[in-house]
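One letter stands for each residue in the lines below.
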Amino acid sequence: MLTPPSPEPPSSGWDHPILARYLDQAPPYGPVAAGGGMTPATLVGAYRQGVFPWPTDDPAEADELRAALGVAVARGAIPRIPAARTGRRRRTAGGSPELLDPPWWCPDPRTVLAPGTMRVRRSLVKRLRNSSWTSTMNESFVDVVRHCRRDGPHQWITEDLIEGFAELHACGWAHSIEIWDDDRLVGGMYGVLVGRIFCGESMFHRASDASKVALVDFLDRFGQAGGVLLDTQLTTEHLITLGVQEIPRSEFLATLRAVRDDRIRLECDRLPVSRLAPPRRPPQNRPRPTDV
């Protein structure tokens, strides 16, 4: 069983009540805050407020975003989260340290999936029933995060984000689910558990349907433990096919505030994914019509 972290989070810049009130009235889309760095305290504080990081490692895009955030903060459009004393610093081109300044998001509407509501197609049921794959939780967290990193020049899963989530995982807040074909990692997903809400960050597959299997598997463990919502953050065409729903941000934040201090225990043992397929219905022997 997964032992959840203490419901008392470390202190962070997100603790100020003004920030909570600001989120209720923030613009529907766009950054709602800047700064703070990727420390465990800042990350936990953000997720407890319903906010998630969305940085970039593209240099030109990062410079443009940093400039826009600076203007927004200066004008009072969004708040700046103070950096923790343990915040990591990086070196600029000139060699001087520069505090990381990630953007933070809280979109409206919010996209969620409740346990028991995922749309599982018959082809996926067949895959589950006939599969020899197994699943685990927290067996290879960093590997899952790195597999979720897409190819191409524009990345939101930056090295700083990976390092921050690895620290969050070590503290007991961030978790992964892995799908295995023997000893080969073929799929998985990761995110942050806040009370009875799981904030899903990303998922990947290296075999057909493996990311969907990871989602079905996690929702089964999550639902049995008493989880109420998987937060998928943003709507995509792929997520729509899986049955996600959009709810107002105010509704999501109200639910989060109600359950973020609850504690649940997730099953982490290695389990066969075939358990997730409903049993076959026995053939029905219908009586033959009687000759008249």
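Residues numbered from 1 in each chain as written. Predicted model: local features only at pLDDT ≥ 70, side-chain atom pairs only at ≥ 80, totals over all residues. Heavy atoms only, no water.

Digging into the packing of aromatic side chains
Counted only if it meets this: Classification of ring pairs rests on two measures: the distance between centres of Phe, Tyr or Trp rings, Trp counted by its six-membered ring, which must be within 6.5 Å, and the angle between planes, read as stacked under 30 degrees, edge-to-face over 60 and tilted in between. Secondary structure counts use DSSP, requiring at least four H or I residues in a row for a helix and at least two E residues in a row for a strand, with both numbered from the N terminus. Whether a residue is buried, partly exposed or exposed follows from its accessible area with a 1.4 Å probe, protein chains only, as a fraction of its type maximum: under 20%, in between, or over 50%, in that order.
Under the defined criterion, the tally for this structure stands at 9 aromatic pairs. An angle of 20° between the planes, with centres 5.2 Å apart, marks the rings of Phe218 and Phe222 as stacked. Of the two residues, Phe218 and Phe222 are both situated in helix H7 (residues 210-225); the distance of 4 residues between them amounts to about one turn of the helix. Phe222 carries the same exposure label as Phe218, and that label is buried. By way of ring pairs, the aromatic residues Tyr47, Phe141, Phe165 and Tyr190 are connected into one cluster.

Regarding the sheet that holds strand E3 (residues 80-81)
So the rule is basically this: Pairing between two strands requires that DSSP report at least two bridges joining them. Any two residues having at least one pair of non-hydrogen atoms within 4.5 Å are treated as being in contact. In this analysis an axis means a line fitted to C-alpha atoms, helices contributing only their contacting stretch, and an angle means the value between N-to-C directions, from 0 to 180 degrees.
Strand order in this open sheet of 4 strands is E2-E6-E1-E3, and the pairing throughout is mixed. Every interior strand has two partners, whereas the edge strands, strand E2 (52-53) and E3, have only one. Examined bridge by bridge, E2 and strand E6 (residues 103-105) share 2 bridges and lie antiparallel to one another. Bridge pairing links Phe52 to Trp105 in E6. This element, helix H3 (residues 59-74), spans strand E1 (31-35), E3 and E6 of the sheet and lies at about 100° to E1.

Side note on the packing of helix H5 (residues 141-148) against helix H6 (residues 159-170)
Cut-off, in case you're wondering: The scheme is simple: roughly parallel for angles under 35 degrees, roughly antiparallel for over 145, roughly perpendicular for 65 to 115, oblique for anything else. Throughout, a crossing is termed right-handed when the near helix is turned clockwise from the far one, and left-handed when it is turned anticlockwise from it by less than a right angle.
Between H5 and H6, whose axes approach to 10 Å, the crossing angle comes to 155°. Overall, the two elements H5 and H6 adopt an arrangement that is roughly antiparallel. Here H5 runs over H6; the crossing is right-handed. For the pair H5 and H6, contact is made by Phe141, Val142, Val145 and Arg146 and by Glu159, Ile162, Phe165, Ala166 and His169, respectively.

Concerning unusual backbone geometry
Residue Pro109 is reached from Asp108 by a cis peptide bond, and omega for that bond is 10°. Here Pro109 shows up in the loop between E6 and strand E7 (110-113). Here Asn138, not a glycine, exhibits a phi torsion of approximately 65°, which is positive. One can find Asn138 in the loop between strand E8 (134-137) and H5. Even without being a glycine, Asp209 presents a positive backbone phi close to 75°. Turning to its location among the elements, Asp209 is positioned in the loop between strand E11 (197-205) and H7.

Some remarks on helix H1 (residues 17-25)
Defined as follows: The directions considered for the arc are those from the helix axis to the C-beta atoms.
Listed as buried for H1 are Leu19, Ala20, Tyr22 and Leu23. Angular distribution of buried residues about the axis of H1 spans 160°; they occupy a single face of the element. The outward face of H1, more than 90 degrees from its buried face, is lined by the exposed residues Arg21 and Gln25.

Section: the layout of surface pockets
Quick note on the threshold: Think of a 1 Å grid over just the protein atoms. A cavity is a set of points where a 1.4 Å probe fits yet cannot get out, a pocket is an open set with protein on both sides within 12 Å along at least five of seven lines, and lining residues have an atom within 4 Å of a point. Grid points are joined across faces, edges and corners, and a volume is the space filled by probe spheres set on the points. As a working rule, the residues Ala, Val, Leu, Ile, Met, Phe, Trp, Tyr, Cys and Pro are called nonpolar, Asp, Glu, Lys and Arg charged, and the rest polar, with Gly in that last group.
Of the voids in this model, the largest pocket is the one considered here, and its volume is about 660 Å³. Lining of the largest pocket is provided by 26 residues; of these, Arg150, Trp156, Glu201, Ser202 and Met203 occupy positions nearest its centre. Mapped by element, the contributors of at least two residues to the lining of the largest pocket are E2, E11, H7, strand E12 (229-233) and helix H8 (237-241). Take the lining of the largest pocket: its biggest share by element is 6 residues, from E11. Looking at side-chain class alone, the lining of the largest pocket contains 11 nonpolar, 9 polar and 6 charged residues.

Considering the packing of helix H2 (residues 40-48) against H6
The N-to-C vectors of H2 and H6 enclose an angle of 80°; their axes lie 9 Å apart at closest approach. Classified by the angle their axes make, H2 and H6 are roughly perpendicular. Two secondary-structure elements touch here, H2 through Pro40, Leu43, Val44 and Tyr47 and H6 through Gly164, Phe165, Glu167 and Leu168. Class assignment of the residues belonging to the contact of H2 with H6 gives a composition of 6 nonpolar, 1 polar and 1 charged.

Concerning the pattern of salt bridges
Defined as follows: In what follows, salt bridge is the name for a side-chain nitrogen of Lys or Arg lying within 4 Å of a carboxyl oxygen of Asp or Glu.
Taken as a whole, this structure holds 13 salt bridges when the rule is applied. Notably, a salt bridge pairs Asp63 with Arg66, separated by 3.0 Å at the nearest N-O pair. Of the two residues, Asp63 and Arg66 both sit in helix H3, 3 residues apart, roughly one turn of that helix. A salt bridge links Asp217 to Arg275; its shortest N-O distance comes to 3.0 Å. Note that Asp217 is positioned in helix H7 and Arg275 in the segment after strand E14 (271-272), a separation of 58 residues in sequence. Under the relative-accessibility criterion, Arg275 is labelled partly exposed at 30%. One salt-bridge network, in which partners are shared between bridges, spans Asp217, Asp220, Arg221 and Arg275.

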